[in-house]
Amino acid sequence: MTLEDIKAAVDAGQTVNWANTGYVVHKDLLGQYLVTYVPNGSCIGLTDRSGQRLNGKETEFFVAQSKDGAENPGNQSRPDGHGRGVAPGGAGAFPL
């Protein structure tokens, strides 16, 4: 997904994930797009400081499937089957 696709999906109320379903993209009260690691609440900006470059690859972002759709509940992998770990307390990670 492109940066514009991600923002449009979030603004439309869709759940956008990065790398796996543990990471959720959302918009905060200040209008900033953030990626939060749900299990521990750490987050990072969707983009670098310029606002132009994603903090992740376009291919790693996806819209979550509905529970009655093709999603496998409990599956923490991206649609291509590859997951990504998390580095607790990594640079740029801030608690909510």
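**Comments concerning the environment of Val 63**
Next, step 1: Within the fold, Val 63 resides in strand 5 (residues 61–63).
Next, step 2: Note: C-alpha distance between Val 63 and Asp 5 (58 residues apart in sequence) is 9.9 Å.
Next, step 3: Each residue touching Val 63, except ones within four places of it in the same chain, is listed here: Met 1, Ala 9, Gln 14, Thr 15 and Val 16.

**What about the pairing of strand 4 (residues 42–45)?**
Next, step 1: In this sheet, strand 4 lies alongside strand 3 (residues 33–37) in antiparallel orientation, the contact comprising four bridges. Looking at strand 4, one finds that Thr 36 is bridged to Cys 43.
Next, step 2: Here strand 3 hands over to strand 4 after four residues, with Gly 41 in that stretch at a positive phi of 80°.

**A few points about the confidence of the model for the chain**
Next, step 1: Residues at a pLDDT of 70 or more form 69% of the chain, whose mean pLDDT is 81.
Next, step 2: Throughout residues 70–96 the model reports pLDDT below 50, and contacts reaching past four residues in sequence, or to other chains, amount to 40 contacts.

**Overview of the nonpolar core**
Among soluble globular proteins, nonpolar side chains are generally buried collectively.
Next, step 1: Counting 15 residues, the largest nonpolar core has Ile 6, Val 16, Val 25, Val 35, Leu 46 and Phe 61 as its most contacted members.
Next, step 2: Secondary structure elements with two or more residues in this core: helix 1 (3–11), strand 1 (16–18), strand 2 (20–27) and strand 3.
Next, step 3: By residue number, the principal contributor to this core is helix 1, which donates four residues.
Next, step 4: The contacts of Val 35, once residues within four sequence positions are left out, are Trp 18, Tyr 23, Val 24, Val 25, Ser 42, Cys 43, Ile 44, Leu 46 and Phe 61.

**Structural notes on the side chain of Thr 36**
Next, step 1: Summarising the element assignment, Thr 36 is placed in strand 3.
Next, step 2: Here the side chain of Thr 36 touches His 26 through a polar contact of 2.7 Å, side chain to side chain.

**What to know about the pattern of salt bridges**
Next, step 1: Taken as a whole, this structure holds two salt bridges when the rule is applied.
Next, step 2: For Arg 53, the salt bridge goes to Asp 48, with nearest N and O atoms at 3.5 Å.
Next, step 3: Judged by its relative accessible area of 54%, Arg 53 falls in the exposed class.

**Considering the packing of aromatic side chains**
Next, step 1: Applying the stated rule across the entire model yields three aromatic pairs.
Next, step 2: Each member of the aromatic cluster is reached from another via a ring pair, and the members are Trp 18, Tyr 23, Tyr 37 and Phe 61.

**Considerations on the pairing of strand 2**
Next, step 1: Direction of pairing for strand 1 relative to strand 2: antiparallel, over a ladder of three bridges. Bridge pairing links Trp 18 to Asn 20 in strand 2.
Next, step 2: Turn length for the strand 1-strand 2 hairpin, with the two strands adjacent in sequence and antiparallel, is one residue, and the turn residue Ala 19 shows positive phi of about 70°.
Next, step 3: Both strand 2 and strand 3 contribute to a ladder of five bridges, which runs antiparallel. Counterpart to Tyr 23 in the pairing with strand 3 is Tyr 37.
Next, step 4: Taking the residues that link successive antiparallel strands as the turn, the strand 2-strand 3 hairpin has five residues, and the phi of Gly 31 there is positive, at about 85°.

What counts, and where the lines are drawn
Residues numbered from 1 in each chain as written. Predicted model: local features only at pLDDT ≥ 70, side-chain atom pairs only at ≥ 80, totals over all residues. Heavy atoms only, no water. Helix = DSSP H or I, 4+ residues; strand = E, 2+ residues; numbered from the N terminus. Contact = heavy atoms within 4.5 Å. Pairing = 2+ DSSP bridges. pLDDT = per-residue confidence, 0-100. Core = buried A, V, L, I, M, F, W, Y, C linked by side-chain atoms within 4.5 Å. Buried < 20%, exposed > 50% of the residue type's maximum accessible area, 1.4 Å probe, protein only. Polar contact = N/O pair within 3.5 Å; in protein donor to acceptor, adjacent residues only side chain to side chain. Salt bridge = Lys/Arg side-chain N within 4 Å of Asp/Glu carboxyl O. Phe/Tyr/Trp six-rings, centres within 6.5 Å; stacked < 30°, edge-to-face > 60°.

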